[in-house]
Amino acid sequence: MNTVIKFLYRLYQLCVALPLTIVATIITALVTTIGCVVGNGHFWGYYPGKCWAWVVVRLFLIPVTVEGRENIEPGHSYVFVSNHQGAFDIFLIYGFLGRNFKWMMKRGIMKIPFVGFACKAAHHIFVDRRSPSKIKETYDEARNTLQSGMSMVVFPEGSRSFSGHMGVFKKGAFALADELQLPVVPLTINGSFDIMPRTRDWHWVNWHPLRLTIHQPIYPVDKGPRNIQAIMHQSYDSVMSSLATEYQGFVENPNQ
């Protein structure tokens, strides 16, 4: 992107995209909260957020490609696991996955004005690692969500990448899938790190295409530690297989 176009894009962000994103976020949070309190939580906990994420991506003029939607069946409960490249991962999955689900997210999101309260009203799952009992509560809530027939999206790295490369996967999501004998669907995100890397939070958005690859579900073939490890490694390899060449290969994430 040359200097003139970059300047115009940043001017557009400042005058149009950012103000409208803030307004859309507040409206979405209010609609989600009120809808979940007085209506169907599964509907109001998902569709306003889905529309919000789609609108945000379009406001920033980011092109999106989705591959593999045919790999997931309507009415089936899945555990989706994805690499975590940057802030736009949320918009990409929420707006374009095309499946009602609950997020498993960091407890710190509760502190974000409007957003935290809406996520709580929508019964997304906050990961609380303050004590063994809190970890158990998180796990129990996730189990109840999946047993109700809802799908769940997890970033098994636990935090965003500092380099665009993948770190290690933690086993929590895979243990849940194993316990409930549910299929795991790996997701590969490309482009999010180029748009807004973790080291440039709250800076300008860089224009870059986004791509979401939905891989084939991985069904359990056994139950127990061996199955957990097998599905976790297979999921990791699937996600890695569709990463852009420059982000191929393991790089340790110091925040894990």
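See the structure above.
Presented here is an overview of the structure given in this document. (Residues numbered from 1 in each chain as written. Predicted model: local features only at pLDDT ≥ 70, side-chain atom pairs only at ≥ 80, totals over all residues. Heavy atoms only, no water.)

A few words on the overall build of the protein chain. Counting secondary structure elements, the protein chain contains nine helices and seven strands. For the protein chain, the C-alpha radius of gyration of 18 Å lies close to 18 Å, the compact-globule estimate for 256 residues. In terms of overall dimensions, the protein chain has a C-alpha envelope of 55 × 45 × 40 Å along the principal axes. For the protein chain, the proportion of its 256 residues judged to be buried stands at 51%. Contacts spanning at least 24 positions in sequence make up 74% of the contacts within the protein chain whose residues lie at least 6 apart. (Helix = DSSP H or I, 4+ residues; strand = E, 2+ residues; numbered from the N terminus. Rg over C-alpha atoms; globule rule 2.2 N^0.38 Å. Buried < 20%, exposed > 50% of the residue type's maximum accessible area, 1.4 Å probe, protein only. Contact = heavy atoms within 4.5 Å.)

Time to look at the pairing of strand β2 (residues 79-82). Burial along β2 is two-sided: the residues Val79 and Val81 and Phe80 and Ser82 are all buried. Here β2 runs beside strand β5 (residues 151-154); their pairing, made up of three bridges, is parallel. Looking at β5, one finds that Val81 is bridged to Val154. Relative to strand β6 (residues 184-190), β2 runs parallel, the two being bridged by four bridges. Within β6, the position partnered with Phe80 by the bridge is Val185. (Pairing = 2+ DSSP bridges.)

Volume-wise, the second largest pocket comes out at about 230 Å³. Arg107, Met110, Lys120, His123, His124, Phe126, Asp128, Arg130, Lys134, Glu137, Thr138 and Glu141 together form the lining of the second largest pocket. Here the lining of the second largest pocket is composed, by residue class, of two nonpolar, three polar and seven charged. (1 Å grid on protein atoms, 1.4 Å probe; cavity = no way out; pocket = protein on both sides within 12 Å on 5 of 7 lines; lining within 4 Å. Points joined across faces, edges and corners; volume = space filled by probe spheres on them. Nonpolar A, V, L, I, M, F, W, Y, C, P; charged D, E, K, R; others polar.)

Here we come to the pattern of salt bridges. A complete count under the given rule lists four salt bridges for this structure. Between Asp140 and Lys136 there is a salt bridge, with the nearest N and O atoms lying 2.8 Å from each other. Remark: Lys136 and Asp140 occur in helix α6 (residues 132-147); sequence separation between them is four residues, near one turn of the helix. Given the relative accessible area of 52%, Lys136 is considered exposed. The shortest N-O distance in the salt bridge between Arg143 and Asp140 comes to 2.7 Å. With Arg143 and Asp140 both in helix α6 and three residues apart, the pair spans about one turn of that helix. (Salt bridge = Lys/Arg side-chain N within 4 Å of Asp/Glu carboxyl O.)

Okay, unusual backbone geometry next. Located in the positive-phi region is His123, a residue other than glycine, with phi close to 65 degrees. Backbone geometry at Gln181 places phi at a positive 55 degrees, although glycine is not the residue there. Turning to its location among the elements, Gln181 is positioned in the loop between α7 (172-180) and β6.

Interpretation in functional terms is not warranted from these geometric data alone.
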